[in-house]
Amino acid sequence: MLNKMLDAARTVAIGGHIRPDGDCVGASMGLYWYVKEKYPEKEVDVYLEKIPGKFAFLEGTKDIRHEVGEDKKYDLFVCLDCRGLERLGFSAPLFEGAKHTLCIDHHVGGQSFAEAEHVVPEASSTSELVYGLMEKEHVSLRSAEAIYLGIVHDTGVFQYSCTAPSTHMAAAELLSKGVDAPKIIRETYYEKTYAQHQVLGRALLESIVFLDGKCIASYIRRREMNFFGVDRSDLDGIASQLRNTSGVEVAIFMDEINPNVYKVSLRSGDLVDVSEIARYFGGGGHKKAAGLTLAGTPYDVINNLSRQIEIQLERER
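Attention in this report is confined to the structure presented alongside it. (Residues numbered from 1 in each chain as written. Predicted model: local features only at pLDDT ≥ 70, side-chain atom pairs only at ≥ 80, totals over all residues. Heavy atoms only, no water.)

### Quick notes on the pairing of strand S9 (residues 261-268)
The condition that has to hold: One bridge is not enough; two strands pair if DSSP finds at least two bridges between them. Secondary structure is summarised from DSSP: a helix means a run of H or I of at least four residues, a strand means a run of E of at least two, and numbering begins at the N terminus for each.
Pairing between strand S8 (residues 250-258) and S9: 8 bridges, direction antiparallel. Each residue of the ladder has a partner; that of Glu-256, found in S9, is Tyr-262. As consecutive antiparallel partners, S8 and S9 are separated by 2 residues, and within that stretch Asn-260 has a phi angle of approximately 55°, a positive value.

Written out as structure tokens, the structure is:
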């Protein structure tokens, strides 16, 4: 599917979801180099919002476009890690104006919106799906580094349940291209700034447990983010760290994006499908990692979520 559509296109645009994470950036840059090197005669551009600085080591990220040029049109728009037009953000008009469109994704839910789709909800990452569609002899080190980054971040360094044998096999093949796995894992996944550690410490210190210790929640307001000098990208990993608390099935982390409006990150163990909860409130994601936006005080948000969590916990009793 991918190669056939690339063969027929002279100009290609690649786009991903708003607030791009490791998988979105990795899949986008991996595909970018694949197209540039397999089809040097074709024009290819990546459209993403500003990416976290820790991903800037990937070659080519300085060429990512953050706005749409006037009257720009493409033969093919490849939408990655995104199951809805609204999630494309500023690049949505390019998608709508492209002659042909392809969506590659692994998120649960959403509706078909592209001409062609390769959506596998049980896959570890969009990066793994993109790699599976590539002709392996045309995957260079530059492309492999990006794909490996994406797989690492969406599998939590191969520890999440979405990690399958195929994921490890793909990772092994990418390593054979010369990828420096320890460096990528250390510098983009585990390494944190002093301010990030301060924010994490505050989130842990002020967390609360409820539902007989099955749930834990914490939040940060905009004024506190300003005090610590951090932005939303610095909050990555806090929800997962909360989930590591003994006895906890669901972790909730909220950050204020507007006055009394919170972006909510959910992480779960084996008993609760947080994607179902997120969809109930207009969000989405995966069974064990999902997100949504809710208005109200932090305790309003917790109360709204706790009922849906409790419904699922009761099913397991």
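That was the structure; now back to the text.
### As for the pattern of salt bridges
Selection rule: One side-chain nitrogen of Lys or Arg within 4 Å of one carboxyl oxygen of Asp or Glu is enough to make a salt bridge. Only protein chains enter the area calculation, which uses a 1.4 Å probe; residues under 20% of their type maximum are buried, those over 50% are exposed, and those in between are partly exposed.
Taken as a whole and assessed by the stated rule, the structure comprises 18 salt bridges. For Arg-232, the salt bridge identified is with Asp-255, shortest N-O distance 2.6 Å. With a gap of 23 residues between them, Arg-232 in the loop between helix H9 (222-228) and helix H10 (238-243) and Asp-255 in strand S8 connect regions that are remote in the sequence. Look at Arg-232 and you get partly exposed, because its relative accessible area is 24%. When its relative accessible area of 2% is taken as the criterion, Asp-255 is described as buried.

### Comments concerning the packing of aromatic side chains
This is how the line gets drawn: Planes of paired rings set the category: under 30 degrees apart is stacked, over 60 is edge-to-face and the rest tilted, where pairs are Phe, Tyr or Trp rings (Trp by its six-membered ring) whose centres lie within 6.5 Å.
Enumeration over the complete set of coordinates arrives at 10 aromatic pairs. Judged by centre distance (6.1 Å) and plane angle (55°), the rings of Tyr-148 and Phe-158 are tilted. Here Phe-158 lies in the loop between helix H5 (141-154) and helix H6 (165-175) and Tyr-148 lies in helix H5, a separation of 10 residues in the sequence. Judged by its relative accessible area of 4%, Tyr-148 falls in the buried class. Taking the centre distance of 5.0 Å and the plane angle of 85° together, the rings of Tyr-189 and Tyr-190 count as edge-to-face. For Tyr-189, a relative accessible area of 19% gives the class buried. These aromatic residues form a ring-pair network of at least three members: Tyr-47, Tyr-74 and Phe-90.

### Overview of the environment of Ser-233
As a reminder, the rule being used: We call two residues contacting when some pair of their heavy atoms lies within 4.5 Å. Under the rule applied, a polar contact is a pair of N or O atoms within 3.5 Å (in protein, one hydrogen donor and one hydrogen acceptor; residues adjacent in sequence only if both atoms are side-chain atoms).
Mapped onto the secondary structure, Ser-233 falls in the loop between H9 and H10. When the C-alpha positions of Ser-233 and Leu-174 are compared, they lie 27 Å apart, and in sequence the two are 59 residues distant. Excluding residues within four positions of it along the chain, Ser-233 makes contact with Pro-52 and Gln-196. A distance of 2.5 Å separates polar atoms of two side chains, one belonging to Ser-233 and the other to Asp-231.

### Overview of the sheet that holds strand S5 (residues 116-119)
Selection rule: Note on geometry: axes are C-alpha line fits, over the in-contact stretch for helices, and angles between N-to-C directions span 0 to 180 degrees.
Reading across the sheet, the 5 strands line up as S2-S1-S3-S4-S5 and stay open at both edges, with parallel pairing between neighbours. With one partner strand each, in any of the chains shown, strand S2 (43-47) and S5 form the two edges of the open sheet. Looking at each pair of strands side by side, their axes are set apart by 15° on average, direction ignored. Each of strand S1 (11-16), S2 and strand S3 (76-80) is contacted by helix H2 (residues 22-38), which is oriented at about 170° to S2, the strand it contacts most. Here helix H4 (residues 126-133) sits on the sheet in contact with S3, strand S4 (100-105) and S5, set at roughly 120° to S4.

### Some words on the environment of Cys-79
Along the chain, Cys-79 falls in strand S3. Between the C-alpha atom of Cys-79 and that of Ile-309, which follows or precedes it by 230 residues, the distance is 32 Å. Excluding residues that lie within four positions of it along the chain, Cys-79 makes contacts with Gly-15, Leu-88, Phe-95, Leu-102, Cys-103, Ile-104 and Phe-113.

### Things to note about the nonpolar core
Which entries qualify depends on this criterion: Buried Ala, Val, Leu, Ile, Met, Phe, Trp, Tyr and Cys residues form a nonpolar core when they are joined through side-chain atoms within 4.5 Å.
Counting residues in each nonpolar core, the largest one holds 53 residues, and the members touching the most others are Met-29, Leu-31 and Tyr-148. Ranked by residues supplied to this core, first place goes to H2 with 9 residues. With residues near it in sequence (within four places) discarded, Met-29 still touches Val-46, Leu-58, Glu-59, Gly-60, Thr-61, Ile-64 and Ala-146. Ranked by size, the runner-up nonpolar core spans 21 residues in total, among them Ile-277, Ala-278, Leu-294 and Leu-313.

### With respect to helix H7 (residues 181-190)
For the α-helix, the turn length of 3.6 residues means that residues three or four positions removed from each other point alike. This is how it is decided: Directions from the helix axis toward the C-beta atoms define the arc.
Among all positions in H7, only Ala-181, Ile-184, Ile-185, Thr-188 and Tyr-189 are buried. Here the buried residues of H7 occupy an arc of 105° about the axis, which is enough to place them on one side. Turned more than 90 degrees off the buried face of H7, the exposed positions are Pro-182 and Tyr-190. Along its buried surface, H7 packs onto H5 and H6. N-cap assignment for H7: the residue whose side-chain oxygen lies 3.3 Å from the backbone N of Lys-183 is Asp-180.

### Examining the state of the cysteines
Under the convention used in this document: When the sulfur atoms of two cysteines come within 2.5 Å, that pair is taken as a disulfide.
The final tally for this structure, using the stated rule, is 0 disulfides. As a non-bridged cysteine, Cys-103 has Cys-79 as the owner of its nearest cysteine sulfur, 4.6 Å distant. A residue is classified by how much of its surface remains accessible, and Cys-103, at 0% relative accessible area, is buried. Its sulfur unpaired, Cys-162 is 16 Å from the next cysteine sulfur, which belongs to Cys-24. Accessibility expressed as a relative area gives 24% for Cys-162, which makes it partly exposed.

### What to know about H6
Of all the residues in H6, the buried ones are Thr-167, Ala-170, Ala-171 and Leu-174. Projection of H6 onto a plane perpendicular to its axis shows the buried side chains occupying an angular sector of 100°, all on one side. Across H6 from its buried face, at more than 90 degrees, point the exposed residues Pro-165 and Met-169. Tucked into the core, H6 has its buried residues touching H4 and H5.

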